[in-house]
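Each chain, letter by letter, is given below.
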Amino acid sequence: MDTWKTAPFELGHGEDACLLLHGFTGSPWEVRPLGEALAARGLYVKAPRLPGHGTTPEAMLEANHNHWQEAAWEALYSLRGFRQVFVAGLSMGAMLGLRLAARSPERVGGLVLIAPAARFKGPTMALLKSLRNTGLLERVKPWVRKTATDLSDPVALAEAPILPAFPSARLKDLWEVQEAALQEAPLVRCPTLVAVAEQDHVVDPEGGKWLAGQLTGAPLVRLLSLQEGYHIIPRDRGGPRLALEVGDFLEGLQGEERGSASGICV
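All of the points below concern the structure found in this document. (Residues numbered from 1 in each chain as written. Predicted model: local features only at pLDDT ≥ 70, side-chain atom pairs only at ≥ 80, totals over all residues. Heavy atoms only, no water.)

Topic: the pattern of salt bridges
Throughout the structure, instances matching the rule amount to 17 salt bridges. A salt bridge links Asp248 to Arg41, with the nearest nitrogen and oxygen atoms 2.6 Å apart. Of this pair, Asp248 sits in helix 9 (residues 239-253) while Arg41 sits in the loop between helix 1 (32-40) and strand 3 (44-47); the two residues are 207 residues apart in sequence, bridging distant segments of the chain. On the accessibility criterion, Asp248 (40% relative accessible area) is partly exposed. A salt bridge links Glu106 to Arg107, with the nearest nitrogen and oxygen atoms 4.0 Å apart. Take Glu106: its relative accessible area is 60%, and that puts it in the exposed class. Where salt bridges share partners, they join Glu15, Asp16 and Arg83 into one cluster. (Salt bridge = Lys/Arg side-chain N within 4 Å of Asp/Glu carboxyl O. Helix = DSSP H or I, 4+ residues; strand = E, 2+ residues; numbered from the N terminus. Buried < 20%, exposed > 50% of the residue type's maximum accessible area, 1.4 Å probe, protein only.)

So, in structure tokens, the structure goes:
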């Protein structure tokens with residue numbers, strides 16, 4: 001794996017900041033185009049690399065959901081000097097970010113959930129989840145191999161740094177993050193943008209739409225449905241529109257008081 005591609009990054013300058021969180025087995029590479037676009041609009045952007053990610057398969061043996069959430073918290077706390085802090089995450093990163101917003105409403109002024117891992121697509125993940133407490137998965141298939149990632153753009157797919165395998169035990173940690181975030185969704189108190197890709201092969205876009213309806217404490221929930229591209233939205237064909245919509249959404253929140261009217265805007 002090209003670790004220079006997967007390295008954490010910090011971009012831009014400004015009074016407000018945005019924390020970007022990548023997905024399960026991914027890296028900051030996934031969200032870098034969005035980070036560059038937000039930095040160009042005057043935000044300071046920070047994208048950490050979650051523990052165990054973006055290096056070797058063996059590194060994932062030493063990391064779990066607690067380490068990932070702690071890393072997200074540490075990154076959020078490092079942004080204390082800014083006027084406002086926004087959080088945006090992709091897939092599992094969206095669920096980690098949701099928990100930050102739910103548990104620290106005074107710190108998070110806006111939330112962006114990109115292809116949130118609220119509901120996985122297809123029967124395989126449901127079957128694996130049903131086996132998670134039996135130990136059978138780890139004994140029969142201790143490693144899950146990866147040869148590609150969910151991108152429709154052939155150029156981005158060719159450039160993608162792909163972790164070739166990960167321990168199947170980490171799937172339990174993925175489900176832990178998912179379930180904890182879904183339980184805490186009603187506690188989110190900041191304006192939220194939920195972006196889904198209709199052609200996503202990893203998560204069900206209907207799950208993201210359902211999650212938008214669970215954010216009952218948010219003063220505003222905006223739903224963005226993208227017809228182009230697959231799961232890794234920031235790097236795919238829908239990436240430019242995503243960057244524009246997220247930039248406009250966060251710009252509308254900068255320096256303003258949070259609204260009081262609830263509702264979902266499409």
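There's more to say after this.
Things to note about the packing of helix 3 (residues 92-103) against helix 7 (residues 170-184)
At their nearest, the axes of helix 3 and helix 7 sit 9 Å apart, and the two run at 40° to each other. Here helix 3 lies oblique to helix 7, going by the angle between them. Note on packing geometry: the crossing formed by helix 3 with helix 7 is left-handed. Facing Met92, Met95, Leu96, Leu98, Arg99, Ala102 and Arg103 of helix 3, the residues of helix 7 in contact are Leu174, Val177, Gln178, Ala180, Ala181, Leu182 and Glu184. A per-class count over the contact of helix 3 with helix 7 returns ten nonpolar, one polar and three charged. (Axes fitted to C-alpha atoms, helices over the stretch in contact; angles between N-to-C directions. Parallel < 35°, antiparallel > 145°, perpendicular 65-115°, else oblique. Left-handed = near helix turned anticlockwise from the far one by under 90°. Contact = heavy atoms within 4.5 Å. Nonpolar A, V, L, I, M, F, W, Y, C, P; charged D, E, K, R; others polar.)

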